[in-house]
Amino acid sequence: LTTTPLCSLSAVPSTSSSSSHTHHHHHHPVSGHALSPINSPCSVFFSSSSSSSCFLITYTHTHTHMKNLVIPENGGSIHYFTSQYHHESRCLNLLNRDPTLVWFTNNLSPLPQHLIIKLKNLSKISKLGFYIHGQNNQNPKHIQFEISKDIEDENAWVRVVDEEIQQKAGDYLFDQDHMRQLVGSKEEHLNAQYVKFIITENYGGSGVHISKLYVFGTPVEGEQ
């Protein structure tokens, strides 16, 4: 499914920036600044209608009340990532306030590329998403999100988002209705402590980039 914007993204900053796992394995402690939830003045939401399999993109103002579980002040950390281009394009830039900084994968490392976020607690996921501030051939074209309760069990990963993305800057958010199309309606199906973001395809460049990652949710009762 290719999503098509229903209105202009002109309000979103558009400053340009630059299947097997790779063997570039890095583990980094969390550092850097906290991220303000949803950097741009309008956001791209993917939601589904019960009468249609198509996804509707709507636009809304900044949702500063949502708690992004990725950032260090909320207990999030980068558990793992496959590669990064160099220090200035490091994966930890996803935790920085500056929306023009990016995680850029190694241009010699083939797709897919992915990273794993560890949340402070087992949490019920309400929205997943990411932010792209530029528009070029390194933009993601096809992405996936997977969630897990147990990082030690490779079979525990559950795919909750599997989408083709327009080559446009902006925030891309996927809500519970969207995710439940893949995982079903039971509440516990969206409970997780680990979130994997996978980029399987770009628009033809070498490497791929995103600027921010979003995981919104609340701790599962008894797990705080």
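Provided above is the structure to which this section pertains.
So, here is what we can say about the structure in this document.

Describing helix 1 (residues 176–183)
One turn of the α-helix equals 3.6 residues, which is why residues spaced by three or four share an orientation.
Right, so step 1: If you check which residues of helix 1 are buried, you get H178, M179, R180 and V183.
Right, so step 2: Immediately beyond the C-terminal end of helix 1, within one or two residues, lies G184, with a positive phi of roughly 95°.

What to know about the pattern of salt bridges
Right, so step 1: According to the stated counting rule, one finds four salt bridges in the structure shown.
Right, so step 2: For E146, the salt bridge goes to K196, with nearest N and O atoms at 4.0 Å. With a gap of 50 residues between them, E146 in strand 6 (residues 140–148) and K196 in strand 9 (residues 191–202) connect regions that are remote in the sequence.
Right, so step 3: Note that D162 is salt-bridged to R159, the shortest N-O span being 3.9 Å.
Right, so step 4: Judged by its relative accessible area of 33%, D162 falls in the partly exposed class.
Right, so step 5: Residue classification places R159 among the partly exposed positions, given a relative accessible area of 35%.
Right, so step 6: Connected through salt bridges with shared partners, the residues E146, R159, D162 and K196 form a single ionic network.

The rules behind each value
Residues numbered from 1 in each chain as written. Predicted model: local features only at pLDDT ≥ 70, side-chain atom pairs only at ≥ 80, totals over all residues. Heavy atoms only, no water. Buried < 20%, exposed > 50% of the residue type's maximum accessible area, 1.4 Å probe, protein only. Helix = DSSP H or I, 4+ residues; strand = E, 2+ residues; numbered from the N terminus. Salt bridge = Lys/Arg side-chain N within 4 Å of Asp/Glu carboxyl O.

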